[in-house]
Amino acid sequence: MIMPENLLCSKSHEYVSDNGNNTFTIGLTDYAVEQLGDIVFLELPEVGSEFKKGDTFATVESVKAASEIYMPVSGKIIETNEAAVETPEILNEDCFEKGWLVKIEPTGNLETEQADLLEYEDYKEELE
Amino acid sequence: MTKETFLHDKHIALGAKMVDFAGWSMPVQYTSIIEEHKTVREKVGLFDVSHMGEVFVSGKDAMEFLNKIVPQDITKLNYEKAVYCQLTNENGGLIDDLIIYKLGILEYLVICNASRIDEDLNWMVRNSKGFDVKIDNQSHNYSLLAVQGPNADELMRKLGLSTHQESFTIKPDKIAGIKVLVSRTGYTGEDGYEILVENKNSEYLWDKILEAGNEFGVKPIGLGARDTLRLEAALHLYGNDLDENTTPVEAGLSWSIPKDKKEYYNGKEVIEEQLKNGGRKKLVGLKMLDKSIARHEYEVYYKGEKTGVITSGAPSPMLGANIALAYVNNNDEICTGAIVQVMIREKLHDAEIVKRPFIQKRNKVKI
């Protein structure tokens with residue numbers, strides 16, 4: 001269960017949710033999907049591929065433009081949300097439970113990599 | 001500083017998301033681009049397009065002057081009629097695309113793009129040497145509202161529009177007691193009207209249209225849907241599909257150019273030569289054959305070689321496919337039905353060349 005209060009968010013509007021079993025779920029924040037508007041296309045990486053914190057790992061397109069999505073922490077992709085690739089509009093409906101993007105196993109030093117991520121509440125405050 | 005139209009407060013109150021467009025703060029969407037798009041195709045939408053430029057051209061030589069700066073034949077433009085035109089430079093390149101209206105014997109109205117108003121005025125003034133003509137930029141005094149969609153005519157009738165109008169005509173009229181100029185034109189491929197109103201009355205008119213249009217399903221529509229609507233109708237956007245290095249012939253606008261215009265106009269030699277032999281490049285419509293979306297400036301390939309570039313691309317809400325406009329080399333093989341590739345994030349994606357417009361336009365209204 002992805003609870004906003006348990007999320008860490010990046011300045012580029014990705015969230016990381018700790019699944020508790022050394023895996024993490026990554027997605028786009030509700031603010032991000034609202035800003036994008038109607039999401040019409042999503043491209044996710046292959047399971048097994050690895051990315052460093054800050055790497056582009058996916059692309060999301062709204063009606064108007066394509067945007068890159070960056071890794072909030074380093075990790076290896078262990079699962080991708082195929083339902084979101086098939087029907088990207090579910091990101092607009094629910095970017096947490098239904099519209100998450102990938103699950104990863106972290107490959108970096110989480111403590112240092114999470115240092116610049118914000119707790120959801122602080123992230124929301126920062127946006128105001 | 002970003003400019004605001006006189007309807008800015010209305011957009012904010014309606015919850016619009018505002019973006020910068022050509023130096024103006026404009027509503028890009030109120031609810032959803034796709035929803036707004038469908039509203040215009042199925043019912044009727046109201047747009048604030050007050051950022052567009054209005055230039056009044058009058059004087060003894062007004063007709064001769066305009067006739068020199070566009071390839072179209074302004075001597076044949078009748079009273080209260082409109083014509084789609086291009087402002088061309090000496091090489092036939094496009095400075096802007098325009099609609100010119102004849103308002104009186106010696107008076108014309110030129111509607112131009114917000115992003116080009118400075119260039120247009122500079123060019124007009126430079127070309128006015130030797131003509132007895134007054135070029136009067138009134139862009140800052142007028143608001144422009146567009147009412148577009150299959151229910152637009154009924155909505156206007158409810159507002160008490162007094163005369164029936166054909167497409168591409170303009171008439172002075174009164175709506176809810178205020179003076180307006182009503183033109184049956186638009187930028188969506190649908191039937192509709194564009195209403196020129198003094199700034200001081202624009203909020204009042206905006207509210208009146210939304211009120212009267214309620215029973216016809218009217219919704220305010222942002223620039224996001226305006227862009228997807230015009231793309232489905234294959235109408236050009238200056239800066240994307242048109243620029244100073246592109247001629248009207250290359251832009252697929254030969255249909256708008258008379259072949260028998262006697263008088264000189266800027267770029268005539270190049271344009272007449274290209275009307276016979278074609279340009280260096282040509283505009284084509286593309287339909288992506290997978291789920292990818294071609295965007296402005298993506299490269300286009302044919303048989304493994306680069307042949308051109310995407311100028312506009314987006315999903316088509318009505319077709320359920322992704323469409324684009326592109327310039328390709330003027331090669332006869334690259335024609336309707338041919339398959340080209342678009343480079344998207346370092347991968348080639350197949351696209352089919354299809355006829356323009358992508359949808360059936362419904363904007364021709366005759367009485």
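Residues numbered from 1 in each chain as written. Chains lettered and ligands numbered in written order. Predicted model: local features only at pLDDT ≥ 70, side-chain atom pairs only at ≥ 80, totals over all residues.

Considerations on the domain arrangement of chain B
Residues and elements named next belong to chain B. Examined at the domain level, chain B breaks down into domain 1 (3–52 + 140–232), domain 2 (54–137) and domain 3 (280–367). Distance from the C-alpha centre of domain 1 to the C-alpha centre of domain 2: 24 Å. Contact residues are listed per partner, giving twelve residues for domain 1 and eleven residues for domain 2. Of the residues belonging to the side of domain 1 that touches domain 2, the class tally is seven nonpolar, four polar and one charged. (Domains from an automatic or database assignment. Contact = placed C-beta atoms within 7 Å. Nonpolar A, V, L, I, M, F, W, Y, C, P; charged D, E, K, R; others polar.)

Considering the sheet that holds strand β18 (residues 321–329) of chain B
Residue and element names in this part refer to chain B. Pairing in this closed barrel of six strands is antiparallel, and the strands run β15-β18-β17-β16-β19-β20 around the ring. Recorded for the sheet is a direction-independent mean angle of 45° between the axes of neighbouring strands. Two strands pair when backbone bridges link them, and strand β16 (residues 299–302) and strand β17 (residues 305–316) are joined in this way by four bridges, in the antiparallel orientation. Counted as the bridge partner of Tyr301 is Lys306 from β17. Sitting on the sheet, helix α7 (residues 223–232) is in contact with β17 and β18, with an inclination near 125° to β17. (Pairing = 2+ DSSP bridges. Helix = DSSP H or I, 4+ residues; strand = E, 2+ residues; numbered from the N terminus. Axes fitted to C-alpha atoms, helices over the stretch in contact; angles between N-to-C directions.)

Here we look at unusual backbone geometry
All names here are of chain B. Going from Arg356 to Pro357, the amide bond is cis rather than trans, its omega being -10°. Locating Pro357 in the fold gives a position in the segment after β20 (347–354). Even without being a glycine, Glu297 presents a positive backbone phi close to 80°. Summarising the element assignment, Glu297 is placed in the loop between β15 (281–288) and β16. On the basis of neighbour counts, which here come to 10 C-beta atoms within 10 Å, the residue Glu297 falls in the exposed class. (Buried ≥ 20, exposed ≤ 12 C-beta atoms within 10 Å, placed from the backbone.)

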